[in-house]
Amino acid sequence: MVKRIESVNAFVVKFANVNGSGSASANELFAKAILRMGVPVSPRNIFPSNIQGLPTWYEVRVSESGWLGRRGGVDLMVAMNPQTWDQDVKEIDPGGYLFYDSTKPLPKSKFRDDINVVGLPLTEIVNQAYTDARQRQLFKNIIYVGALSALLGVDPLVIAELIGEQYKGKEALLKPNLNALQLGRTYALEHLDCPLGIRVRPLKGEANAVGEKIFIEGNAAAALGCVYGGATVCAWYPITPSSSLAEAFQKYCAKLRVDKETGKNRFAIVQGEDELASVGIAIGAGWNGARAFTATSGPGISLMQEFIGLAYFAEIPVTIIDVQRGGPSTGMPTRTQQSDILACAYASHGDTKHVLLFPEDPHECFEMAAQALDLAERLQTPVFLMTDLDIGMNQRLCKPLEWDDARRYDRGKVMTAEMLDAGKEFGRYLDVDGDGVPFRTYPGTHPSKGGYFTRGTSKNAYAIYSEQGADYKANMQRLLKKFETAKTLVPKPVLNASKEPARFGAIYYGSTGPAMAEALDALSRQGIYVNALRLRSFPFQDEIFDFVASHSKVFVIEQNRDAQLKTLLVNDAGINPASLISVLHYDGTPITARYITGEIAEIVAALNVRPLIKKDKAA
């Protein structure tokens, strides 16, 4: 008899479907129903870059403990795609479950001896219930959700409530969806062994593990953060996985940025002809005094390089949100990576260094989007918000977003007409107080004072064209001083100290955070204690150097091939590379807790090896 995985409120379900089959909404319905039962979930959509026909997966992590990263492994595979059958069956953990359409018998070779097989004749059921081909396809998805509700103990009333919300006012669609749900549930209850060893137990009242947390995509949270941070101009060109950010910004502006009395929009959203034009529009708006941003991904960053250099050298504020994906070139458009770190930190030719912010979840996407707009104006420079597809396009549980109506924007050093009339000395690139940041004026500030040429060329402190080496060097040194000032303004790293004295440290950032938190817990249960430091920004603060110096070895966990964060730590923080050990993950899927745990445990074991010295027999 095959053993069964037994677990309540702690398991992974993975759906294997065909893109364009209508499965996405059904799978999301499944995840949200468990969430409504008070049990935290963390879904991830792994989808192809074409419109229809290729394989797509939807993974739902159910975790009463609140682990929101990918765990690794699958407890229940809902195998709806014959094209990927062998790969999908292989992923199931021993003792796990395979749910499939058993209408047509499959040879024994298609199964594994160490898993539990649950067959339901889906095609037969839908063919009997529906005659329309499209209905058969769509309702097939709802039927398997109904069957899963019985197999896993998901409350059907909660699912019905969600369907009711989705089709409110559309009775023609509501009733057949509810019927399909009941078809699957009834068949499972009458013909299958329900529930399985893995199941959901509702958590109510004080036991509710979801609490006040919200369920939101990182792109939507960042878009709302841009509204909160005062952005009035968005220029963008469609590119996966950032397009939904600009679309969400438009939606929120339509609600929050329309003058109630006149009905006029108090925002401008422009789709440029390409990414280069888009960032140029945003830079132009920033020069003119508006708060502006663009949203893009790696290929867009590549195209924007020249304009980014202009904004850096002419000192024009602009916020660039990079929702990273697989590269180089077109790479894997619908997969996730952290592979634009170096491209953004040193974007453009010549000597450039840019401020980067690394949000961990949608809550920080919201906060840091607003902060990026402040920093761009305070420092008069491009600021990059470095999210990725895993955060941007997946719904995640996080703390509620906090909107403070009393918040004031940091507009930085702006010379006003009153200041000019009072005799204040104005040099557009003059460092007046030693922080490297000069004063600027908005266009039209004064009829005769405060004007200057915005130059992408070398100039002196008063914006007068100059090819004098001393002028160029002074300007470049001032820009370095400004970068040092940025260290005092960007978010500081967050320390996760081990419960026991730790010989090893770990540095990580961004979307690696949720899996890292679980990995640290798993390692401590193995007796491997690790102090962890989550970086939230570049330039790096002194705390990072001190952290590395206090450990014998420090693991640097990141999702790219070339250890880009490690490179930055060596180049810009002066870290001895011998102190750092890379843990790299770059197959396009989000890093898992199991992967991090396994890699660190293996390296620690190797570092602790004491080889025996054999005595020479002849001695």
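Above this text sits the structure in question.
A brief report on the enclosed structure follows. (Residues numbered from 1 in each chain as written. Predicted model: local features only at pLDDT ≥ 70, side-chain atom pairs only at ≥ 80, totals over all residues. Heavy atoms only, no water.)

**Digging into the layout of surface pockets**
We count it as follows: Cavities and pockets were defined on a 1 Å grid built from protein atoms only: a cavity is a group of points that admits a 1.4 Å probe but offers it no way out, a pocket is an open group of points flanked by protein on both sides within 12 Å along at least five of seven lines, and a lining residue is one with an atom within 4 Å of any such point. Grid points are joined across faces, edges and corners, and a volume is the space filled by probe spheres set on the points. For helices the rule is a DSSP run of H or I covering at least 4 residues; for strands it is a run of E covering at least 2, with both sets numbered from the N terminus onward. Polarity classes work like this: nonpolar for Ala, Val, Leu, Ile, Met, Phe, Trp, Tyr, Cys and Pro, charged for Asp, Glu, Lys and Arg, and polar for all others, with Gly in that last group.
Taken as a whole, the largest pocket spans an internal volume of roughly 430 Å³. Around the largest pocket, the lining comprises 18 residues; the ones closest to its centre are Met-80, Asn-81, Pro-82, Asp-101 and Lys-140. Looking at the lining of the largest pocket, the elements with two or more residues in it are β2 (10–18), β6 (92–101) and α4 (133–152). Looking at the lining of the largest pocket, the element that brings in the most residues is α4, giving three residues. Among the residues forming the lining of the largest pocket, the class breakdown is seven nonpolar, seven polar and four charged.

**Section: the environment of Asp-562**
Let me state the cut-off plainly: Note on classification: 1.4 Å probe, protein chains only; a residue is buried when its accessible area is under 20% of the maximum for its type, exposed when over 50%, partly exposed between these limits.
With respect to the element layout, Asp-562 can be found in the loop between β21 (553–558) and α18 (564–573). When its relative accessible area of 42% is taken as the criterion, Asp-562 is described as partly exposed. For the pair formed by Asp-562 and Ser-297, sequence separation is 265 residues and the distance between their alpha carbons is 18 Å.

**Digging into the pairing of strand β10 (residues 233–236)**
As a reminder, the rule being used: Between any two strands, at least two bridges found by DSSP are needed for them to pair. A crossover gets the label right-handed when its path from the first strand over the helix to the second runs clockwise, viewed with the strands pointing away from the viewer.
Residue alternation in β10 divides its side chains into two sets, Val-233 and Ala-235 and Cys-234 and Trp-236, and both sets are buried. Where β10 lies against strand β11 (residues 268–271), four bridges are found, and the strand directions are parallel. Its bridge partner being in β11, Trp-236 is matched across the sheet by Gln-271. With helix α8 (residues 243–256) bridging β10 and its parallel neighbour β11, the resulting β-α-β unit is right-handed. Across two bridges, β10 lies against strand β12 (residues 292–296) in parallel orientation. Residue pairing for β12: Val-233 is matched across the bridge by Ala-292.

**Focus: empty space enclosed by the protein**
Once rolled over the atoms, a probe with the size of a water molecule shows which space is left empty. Applying the stated criterion to the full structure yields six cavities of 30 Å³ or more. Roughly 90 Å³ of internal volume is contained in the largest cavity. Around the largest cavity, the lining residues are Tyr-312, Lys-353, His-354, Val-355, Leu-379, Thr-381, Pro-382, Leu-479, Leu-480, Lys-482, Phe-483 and Ala-486. In terms of residue count, helix α15 (residues 469–487) provides more of the lining of the largest cavity than any other element does, five residues in total. Classifying every residue of the lining of the largest cavity by side-chain character gives eight nonpolar, two polar and two charged. By volume, the second largest cavity is sized at about 70 Å³. Considering the residues around the second largest cavity, the lining is formed by Arg-44, Asn-45, Ile-46, Thr-334, Arg-335, Thr-336, Leu-389, Asp-390, Asn-394, Gly-588, Thr-589 and Pro-590. Elements with a minimum of two residues in the lining of the second largest cavity: β3 (41–46) and α13 (389–392).

**Let's talk about the sheet that holds β21**
As a reminder of what qualifies: Structural elements are reduced to axes, namely lines fitted to C-alpha atoms, with helices fitted over the stretch in contact, and the angle between N-to-C directions of any two is expressed from 0 to 180 degrees. In what follows, residue pairs with any heavy atoms lying within 4.5 Å of each other are defined as contacts.
Reading across the sheet, the five strands line up as β17-β19-β18-β21-β22 and stay open at both edges, with mixed pairing between neighbours. Looking at the sheet topology across the chains shown, the edges are occupied by β17 (494–496) and β22 (580–584). On average, each strand axis in the sheet is tilted by 25° relative to the strand beside it, whichever way the strands run. Along the sheet, α18 contacts β18 (504–509), β19 (530–535), β21 and β22; its crossing angle with β21, the most-contacted strand, is approximately 135°.

**With respect to the sheet that holds strand β4 (residues 55–63)**
Sheet strands line up and pair through hydrogen bonds in the backbone, either parallel or antiparallel. As summarised here, the arrangement of the six strands in space is β3-β4-β2-β5-β6-β7, forming an open sheet in which the pairing is mixed. Lying at the two open borders of the sheet, with one neighbouring strand each, are β3 and β7 (116–120). Here the average twist between neighbouring strands, direction ignored, is 15°. One ladder, built from five bridges, connects β6 with β7; its direction is parallel. Looking at the pairing, Tyr-97 lines up with Asn-116 of β7.

Function cannot be inferred from these measures alone, as they are strictly geometric.
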